[in-house]
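For reference, the chains in residue letters:
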Amino acid sequence: MNSHTPQTITIDLADRSYPIVIGSGLLGQPQTYADLPNASRALIVTNNTVALLYLQRLRGALLSKYPQVLEVVLPDGEQHKTWQTLNLIFDALLGQGCDRKTVLFALGGGVVGDMTGFAAASFMRGVPFVQVPTTLLAQVDSSVGGKTGINHPLGKNMIGAFYQPQLVVCDLDTLRTLPPRELSAGLAEVIKYGPIADLAFLDWIEANLDAMLARDPAALAHAVKRSCEIKAWVVGQDEREAGLRAILNFGHTFGHAIEAGLGYGEWLHGEAVGCGMVLAAELSCRLGLVDRAFVKRLTALIARAGLPVRGPQLSAEDNAGRYLALMRLDKKAEAGEIRFVLIDGPGRAVVRAAPDSMVREIT
Ligand code: NAD
Ligand code: GLY
């Protein structure tokens, strides 16, 4: 894919369908937003890091469509994905007289995107919103598919709603300013799609990892496009995670436990997912679902991407017990039984339980 030619992928959900536009220079072009609903006001939600980089560019583009473009700048960080921060969005909406036609724009990574989506889902029982993801992680995963929400001290993403955006704008140019650690975190979610759904993509990632780490525009463009295609295929079949969509949580059961157990923001979400995929692959191997060679292959790739491959210690007294307790709170758990996304042969995922004793051996 030529990174200069915008590509469009459609999320096919009947009357809630929407386009994901991927390309270079999109964020600051008024044309990008031409088909959105008209309104007297737009509200850009961003954070104090991204505001300095991209807020004025987006604002400038939106002013040609909306008479008033308002903004709210949230504190940056996973530790701020809370009720208190969410309330700052409602304060801005209500304090500035926004109505049910006001369009919200999420400008930033997954934290801003998830919170803005949840605010859009609940303000006046639902207003339109647009995702303008500026991290690799958000472009390949979080901005697409309508999962929105906030964390609770006891569990990750525990409060939220399914609520689809009107449009997703993936401007690849924004990836140039991303810190290296954040680029690696995004690669975790790119890698995820290979083992669960597309072995040819896993081969491509292995061959192009160095190019992506060097921010080669064509390599990043292909990674975003293929990831969004796979996610669109999954979400189009199972929007509300009745079954299939759970495969997108490969690595997340362990990963969410790591994030909550260490304290939000200690490890990046993508780092926890990278390590979580290694643990889930190891569990798959011990259950006889996949061979050791595949675990080694995946572990090597995750390490090459600059991600941790060893689970951190969450408790000095009973580390495995702490992992198990945190994972029992996972949204996939049923009647206290943890359900893991496991690799059932390369390129295919399955959701099932595993004996606690086996989980204890690997944590
Ligand atoms: P993030 O939103 O915290 O962004 C990472 C960091 O990069 C932040 O400090 C941010 O300010 C900064 N940043 C953003 N864009 C930048 C840019 N272009 N240049 C420089 N700095 C930039 O983290 P994230 O990794 O984007 O998202 C993680 C969040 O996404 C987690 O809360 C996770 O639960 C959520 N998530 C949601 C879904 C979903 O389906 N809704 C899927 C995956 C992850
Ligand atoms: N990131 C997992 C999902 O969207 O279902």
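Here, the structure is the one placed above.
Residues numbered from 1 in each chain as written. Chains lettered and ligands numbered in written order. Predicted model: local features only at pLDDT ≥ 70, side-chain atom pairs only at ≥ 80, totals over all residues. Heavy atoms only, no water.

**Overview of the packing of helix 2 (residues 83-95) against helix 3 (residues 110-122)**
Rule in force here: Helix axes use the C-alpha atoms of the stretch in contact, all axes being lines fitted to C-alpha atoms, and the angles between their N-to-C directions lie in the range 0 to 180 degrees. Numbering of helices and strands runs from the N terminus; a helix is a DSSP stretch of H or I covering at least four residues, while a strand is a stretch of E covering at least two. Angle categories are assigned with fixed cut-offs, so that under 35 degrees is roughly parallel, over 145 is roughly antiparallel, 65 to 115 is roughly perpendicular, and the rest are oblique. The crossing is said to be left-handed when, going from far helix to near helix, the turn is anticlockwise and less than a right angle, and right-handed when the turn is clockwise. Contacts: residue pairs with any heavy atoms within 4.5 Å of one another. The nonpolar class holds Ala, Val, Leu, Ile, Met, Phe, Trp, Tyr, Cys and Pro. Asp, Glu, Lys and Arg form the charged class, and all remaining residues, Gly among them, are polar.
Put simply, helix 2 and helix 3 touch, their axes get as near as 10 Å, and they point 60 degrees apart. Classified by the angle their axes make, helix 2 and helix 3 are oblique. The chirality of how helix 2 crosses helix 3 is right-handed. Along the contact surface, helix 2 presents Trp83, Thr85, Leu86, Ile89 and Phe90, while helix 3 presents Met115, Thr116, Phe118, Ala119 and Ser122. Broken down by class, the residue content of the contact of helix 2 with helix 3 amounts to 7 nonpolar, 3 polar and no charged.

**Focus on the site of ligand 1**
The test is simple: A cutoff of 4 Å decides nearness: a residue is near a molecule or strand if any of its heavy atoms lies inside that distance of it. Between N or O atoms, a polar contact is any pair within 3.5 Å; within protein, one atom must be a potential hydrogen donor and the other a potential acceptor, and residues adjacent in sequence are included only when both atoms are from side chains.
The environment of ligand 1 is formed by 28 residues, the closest being Glu78, Lys81, Thr134, Thr135 and Thr177. In the environment of ligand 1, an oxygen atom lies 2.8 Å from a nitrogen or oxygen atom belonging to the side chain of aspartate 76. The side chain of aspartate 114 places a nitrogen or oxygen atom 3.0 Å from a nitrogen atom of ligand 1. Mapped onto the shell around ligand 1, the elements with two or more residues apiece are helix 1 (48-62), helix 3, helix 4 (136-142), strand 8 (155-162) and helix 5 (180-197). The element best represented in the shell around ligand 1 is helix 1, accounting for 4 residues. Residues belonging to the shell around ligand 1 are distributed by class as follows: 7 nonpolar, 11 polar and 10 charged.

**Structural notes on the sheet that holds strand 1 (residues 7-11)**
Using the following cut-off: In short, DSSP must find at least two bridges between two strands for them to pair.
Sheet architecture is open: 7 strands sit in the order 1-2-9-6-5-3-4, paired in mixed fashion. Only two strands of the sheet have a single partner each, and these edge strands are strand 1 and strand 4 (68-74). Averaged over all pairs of adjacent strands, the angle between their axes in this sheet comes to 20 degrees, without regard to strand direction. Of the strand pairs in this sheet, strand 6 (residues 129-133) and strand 9 (residues 167-171) are connected by 2 bridges, and their pairing is parallel. Each bridged residue has a counterpart across the sheet, and for glutamine 131 the counterpart in strand 9 is valine 168.

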